[in-house]
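Listed below, chain by chain, are the residues.
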Amino acid sequence: MWNPILEKLGPSELKKVQLLKLKRILAWAYGRSPFYRKKFDQAGVSVDDIRSLDDLPKIPLTDKDAWLAAQGDCGQGFGTTTAISERETVRYHQTSGTTGKPIRLAFNHRDWNWWLQCWGYGLAALELSREDRALVCFPFNLFVGWWGGQDAARLMRCCVYSGGGMPTEQRLQVILEHRISVLMGAPSYLLRLAASAQKNGIRTSDLTVRKLVCGAEPGGSIPAMRARLEQAWGAEVFDHLGASEVGPWGYECSAHPGGVHICESFFLMEFVHPETFEPTRPGELSRLVVTSLEKYSQPVIRWDLKDLVRVSDQPCPCGRSFRWVQGGILGRADDLIKIRGVLFSPRGVEDVVRSFGPVSDYRVVLSRRGEMDELTLRAETALCGTEGEPLKNDLKAALKVKTHLRFGIELCPPGTFPRQEIKTRRLIDLREKENADEQG
Ligand SMILES: [Zn+2]
């Protein structure tokens, strides 16, 4: 499993470990993956040119679009990004496809074990023990999501319940009957589970749930969402970060420094300016570029994750020397939209809306009237008519303070928006469609 010694290494020792692993994965990728061989050759870079971590930017970036193109439309196999044969593949997964075509992911036996070790760091940091019973609220489909969390918890001798294919009421029954102590799931779903308990006359304070492991959505690190989860369950919240292509790279420790540790023995992170890609300093808003140091089936080298973070240079009281990012993921570089000259990130809306108890879910609709971009918050709430007027005004005012933008507010009855257990896209951009309609 994880190696706690690595979590305490000093910066120079850690760099040595990272460089060793980096050279190994670069040589492997060049030798085995046609995708990376072409990339290196086109850039005129050889593996021997990378003598220190500072040489890394000589290698061009890669991202989801490049992988999708390499995957091709042939409908078979995993394309040129893989570095193993199909015979060696023991697990097949794919991305959720919320933003387009899914990316195919191949794992050999070694890589899946590595994936579980990444999770091992996170589960150890939240002090999971063999006394715990964990329920994983996840549909267990081809999305890699919580498969790793489940298998890693099992390796740690924790008793694990796979909560796939069961309705919310049945999950509550399992929590009650089996004295579940840890829940793993998307934060918005865990909130809904608590609301459902209340509706069914179950007091969460009577339950044994003590820890919530949140992932798949940014909510676990959003203060308002976190506070609601803590209050709803009377439990400690731990955010967990990762990406299907890259691996589970971030975890929160029980010291809760206000952010998430990076698993730096397995992931090499570069922090760059969101637009210029120049290296940034600690504390500055940065775009994350990641190299997965031990992912051999489908190597990930200088992957533009497009996540925005601020890395801290402060030590964590837990004693781990792995750095941590303040407030988890702060937004997405490709979600940053300029509206009426103001840079807007949907993350700010999440923070505001989750602090309003009567709002159970929401969508942000971006549309265009003439030359003007318009923002509308559609908030799901049981309050309606004149009863909802004060809520509308309060939401409008709070959003203005947080985002410096004016929002139209529409209240919708509960159940308006479909519920998803994996990840929900809450920003609906109608502008391109409206432009196309005008031109058509
Ligand atoms: Zn810590």
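Small disclaimer: the values here were computed from a predicted structure and weren't measured.

Undergrad: Looking at this structure, how should I read the pairing of strand β2 (residues 104-107)?
TA: Taken residue by residue, a regular strand's side chains alternate between the two faces of the sheet. Side-chain alternation along β2 places Arg-104 and Ala-106 on one buried face and Leu-105 and Phe-107 on a second face that is also buried. Pairing of strand β1 (residues 91-94) with β2, which is carried by 4 bridges, proceeds in the antiparallel orientation. Its bridge partner being in β2, Gln-94 is matched across the sheet by Arg-104.

Undergrad: For this particular structure, what's the right way to read the sheet that holds strand β6 (residues 211-214)?
TA: Think of a sheet as strands paired side by side through backbone hydrogen bonds, with each pair either parallel or antiparallel. An order of β4-β3-β5-β6-β7-β8-β9-β13 is seen for the 8 strands of this open sheet, with the pairing classed as mixed. Either end of the sheet is taken by a strand with one partner, and the two such strands are β4 (159-162) and β13 (324-326). Neighbouring strand axes in the sheet, compared pairwise and without regard to direction, differ in orientation by 25 degrees on average. Relative to β4, strand β3 (residues 133-136) is paired through 4 bridges, and the arrangement is parallel. Within the sheet, the bridge partner assigned to Arg-133 lies in β4 and is Cys-159.

Undergrad: Can you walk me through helix α3 (residues 64-71) in this structure?
TA: Think of an α-helix as turning once every 3.6 residues; residues three or four places apart then point the same way. For α3, the complete set of buried residues consists of Trp-67, Ala-70 and Gln-71. Seen end-on, α3 carries its buried residues on one side only, within an arc spanning 105 degrees. For α3, the exposed residues set more than 90 degrees away from the buried face come down to Asp-65 and Ala-69. Close packing links the buried residues of α3 with α2 (34-43), β2 and β12 (303-309). The opening residue of α3 is Asp-63, an N-cap whose side-chain oxygen sits 3.2 Å from the backbone nitrogen of Asp-65. Just beyond α3, the residue with positive phi is Gly-72, at close to 70 degrees.

Undergrad: Could you clarify how one ought to interpret the pairing of strand β5 (residues 182-185) in this entry?
TA: Burial along β5 is two-sided: Val-182 and Met-184 and Leu-183 and Gly-185, pointing in opposite directions, are all buried. Sheet analysis places β3 next to β5, joined by 3 bridges and oriented parallel. Paired with Leu-135 across the strands is Leu-183, a residue of β5. Relative to β6, β5 runs parallel, the two sharing 4 bridges.

Undergrad: I'm lost on the coordination of the zinc ion in this one. Help?
TA: Geometry reference: four tetrahedral donors at a metal, ideal angle 109.5 degrees. Six octahedral donors, ideal angles 90 or 180 degrees. Surrounding the zinc ion are the protein donor atoms Cys-253 (SG), His-261 (NE2), Cys-316 (SG) and Cys-318 (SG), which sit 2.1 to 2.2 Å from the metal. Read in sequence order, the donor residues for the zinc ion give the motif C-x7-H-x54-C-x1-C. With a gap of 65 residues between them, Cys-253 in the loop between β8 (247-251) and β9 (259-262) and Cys-318 in the loop between β12 and β13 connect regions that are remote in the sequence.

Undergrad: It is not clear to me how the packing of helix α7 (residues 187-199) against helix α8 (residues 223-233) should be interpreted in this structure. Could you clarify?
TA: Relative placement of two packed helices is described by the angle separating their axes and the distance separating the axes. With their axes 10 Å apart at the nearest point, α7 and α8 run at an angle of 35 degrees to one another. Where α7 crosses over α8, the handedness of that crossing is left-handed. Packed against α7, whose contacting residues are Pro-187, Ser-188, Leu-190, Leu-191, Leu-193 and Ala-194, the element α8 presents Met-225, Arg-228, Leu-229, Ala-232 and Trp-233 at the interface. In the contact of α7 with α8, the residues fall into 9 nonpolar, 1 polar and 1 charged.

Undergrad: Even after reading the chapter, I still don't get the sheet that holds strand β20 (residues 427-429), so can you show me in this structure?
TA: Spatially, 4 strands are ordered β19-β18-β17-β20 in an open sheet, and the strand pairing comes out mixed. For this open sheet the edge positions go to β19 (407-412) and β20, each flanked by a neighbour on one side alone. Taking each pair of neighbouring strands and ignoring which way they run, the sheet shows an average axis angle of 20 degrees. As judged from the 10 bridges shared by strand β17 (residues 359-369) and strand β18 (residues 372-381), these two strands associate in the antiparallel manner. Following the sheet pairing, Ser-367 is matched in β18 by Glu-374. Set on the sheet, helix α9 (residues 346-353) makes contact with β17, β18, β19 and β20; between it and β17 the angle comes to about 145 degrees. Most of the contacts of helix α10 (residues 389-403) go to β19, to which it runs at about 140 degrees, and overall it touches β17, β18 and β19.

Undergrad: In this structure, what is going on with the side chain of Asp-373? I would like to understand it.
TA: Relative to the helices and strands, Asp-373 is located in strand β18. Within polar-contact distance, the side chain of Asp-373 engages the side chain of Arg-368 at 3.0 Å. Here Asp-373 is in contact with Lys-338, Ile-339, Arg-340, Ser-367, Arg-368 and Arg-431, once residues within four sequence places are set aside.

Undergrad: Explanation requested: unusual backbone geometry in the structure shown.
TA: Negative phi characterises most residues that are not glycine, and trans characterises most peptide bonds. The residue Ala-216 is not glycine, and still its phi comes out positive at about 75 degrees. With respect to the helices, strands and loops of the structure, Ala-216 is situated in the loop between β6 and α8. Within the chain, His-256 stands out as a residue other than glycine whose phi angle is a positive 45 degrees. As for its position among the elements, His-256 is in the loop between β8 and β9. Exposure remark for His-256: the relative accessible area of 27% places this residue in the partly exposed category.

Undergrad: Would you take a moment to explain the environment of Gly-242 for this structure?
TA: Mapped onto the elements of the fold, Gly-242 is located in strand β7 (residues 236-243). Each C-alpha atom of the pair Gly-242 and Thr-82 lies 20 Å from the other, and the pair is 160 residues apart in sequence. For Gly-242, the residues in contact, after removing those within four places along its chain, are Gly-247, Pro-248 and Trp-249.

Undergrad: Mind showing me how you'd approach the packing of helix α1 (residues 11-32) against α2 here?
TA: Close contact between α1 and α2 brings their axes to 5 Å; oriented N to C, the two are set at 105 degrees. Classified by the interaxial angle, the pair formed by α1 and α2 is roughly perpendicular. Judged by residue contacts, Leu-26, Ala-29, Tyr-30, Gly-31 and Arg-32 of α1 engage Pro-34, Tyr-36, Arg-37, Phe-40 and Asp-41 from α2. Class assignment for the residues of the contact of α1 with α2 results in 6 nonpolar, 1 polar and 3 charged.

The rules behind the values
- Residues numbered from 1 in each chain as written.
- Predicted model: local features only at pLDDT ≥ 70, side-chain atom pairs only at ≥ 80, totals over all residues.
- Heavy atoms only, no water.
- Buried < 20%, exposed > 50% of the residue type's maximum accessible area, 1.4 Å probe, protein only.
- Helix = DSSP H or I, 4+ residues; strand = E, 2+ residues; numbered from the N terminus.
- Pairing = 2+ DSSP bridges.
- Axes fitted to C-alpha atoms, helices over the stretch in contact; angles between N-to-C directions.
- Arc of directions from axis to C-beta.
- Contact = heavy atoms within 4.5 Å.
- Polar contact = N/O pair within 3.5 Å; in protein donor to acceptor, adjacent residues only side chain to side chain.
- Donors = N, O, S within 2.8 Å, 3.2 Å for Na, K, Ca; no water.
- Left-handed = near helix turned anticlockwise from the far one by under 90°.
- Nonpolar A, V, L, I, M, F, W, Y, C, P; charged D, E, K, R; others polar.
- Parallel < 35°, antiparallel > 145°, perpendicular 65-115°, else oblique.

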